[in-house]
Amino acid sequence: MSTPQPDASQPSDARASEDRTTPDDRLHARNGTDVSPEDLVLAAGRDITPGNLEWARRKLADEGPAALDKLLP
C-alpha cells in the first residue's frame, strides 16, 4: 500500500494550507438545528433505550444544546 503523494500541479503554499489542522474554535458540531435526545444518545455512543433517552432529556434540560457540543470533537 502506497501513501499519497502531494499534487505537483498545486503551488507549495496551497499544499501547505491543506496540511494544517483546523483550529478547535472553527469546528462546529451542529448546523443550528435543534438537538433531540436521540441525537445526544447517539453522539454518546449509546443505544437508544428508554433509560438513555431519559438521561439525554435531563442532560439537555441542564445544559441545553451545548451538551451535544461537549460530546463531539
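Keep in mind that this is a model prediction, so the values were computed, not measured. All residue numbers refer to position in the chain's written sequence, counted from 1. Totals for whole chains, interfaces and linings use every residue, but because this is a predicted model, local features are given only for residues with pLDDT of at least 70 and side-chain atom pairs only at 80 or more, for both listing and counting. Water and hydrogen atoms play no part in the side-chain values, which are based on all heavy atoms of the structure.

Caption draft 1: Focus on the nonpolar core. Formed by Val35, Leu40, Val41, Leu53, Trp55, Ala56, Leu60, Ala67 and Leu68, the largest nonpolar core amounts to nine residues. What counts as a helix is a DSSP run of H or I of at least four residues, what counts as a strand is a run of E of at least two, and both are numbered from the N terminus. Secondary structure elements with two or more residues in this core: helix H2 (37–43), helix H3 (50–63) and helix H4 (66–71). Broken down by element, this core gets its largest block of residues, four residues, from H3. Once residues within four sequence positions are removed from consideration, Val41 is found in contact with Arg46, Asp47, Ile48, Asn52, Leu53, Trp55 and Ala56. Nonpolar core, defined: a set of buried Ala, Val, Leu, Ile, Met, Phe, Trp, Tyr and Cys residues in which side-chain atoms within 4.5 Å join the residues together. Exposure classes here rest on a 1.4 Å probe applied to the protein chains alone. A residue is buried below 20% of its type maximum, exposed above 50%, and partly exposed in between. Two residues qualify as a contact provided that any one of their heavy atoms is within 4.5 Å of a heavy atom in the partner residue.

Caption draft 2: Highlighting H3. Multiplying 1.5 Å by the helix residue count minus one yields the expected span of that helix. In this model H3 runs 20 Å from its N-terminal to its C-terminal C-alpha over 14 residues, within 8% of the 20 Å that 1.5 Å per residue would give. Listing the buried residues of H3 in full gives Asn52, Leu53, Trp55, Ala56 and Leu60. Along the axis of H3, the buried residues cluster in a sector spanning 155 degrees; they form a single face. Turned more than 90 degrees away from the buried face of H3, the exposed residues are Pro50, Ala61 and Asp62. Turning to H3, the residues buried within the fold contact H2 and H4. Positive phi appears at Gly64, one or two residues downstream of H3, with a value of about 70 degrees. Taken from the helix axis, the directions to the C-beta atoms give the arc we talk about.

Caption draft 3: Spotlight on the pattern of salt bridges. Every case where a carboxyl oxygen of Asp or Glu lies within 4 Å of a side-chain nitrogen of Lys or Arg is listed as a salt bridge. By the definition in use, this model includes four salt bridges. Glu54 is paired through a salt bridge with Arg58; the nearest N and O atoms lie 4.0 Å apart. Within this pair, Glu54 and its partner Arg58 are both found in helix H3, separated by four residues, close to a single helical turn. A relative accessible area of 36% places Glu54 in the partly exposed class. For Arg58, a relative accessible area of 46% puts it in the partly exposed group. Lys59 serves as the salt-bridge partner of Glu63, at 3.0 Å between the closest nitrogen and oxygen.

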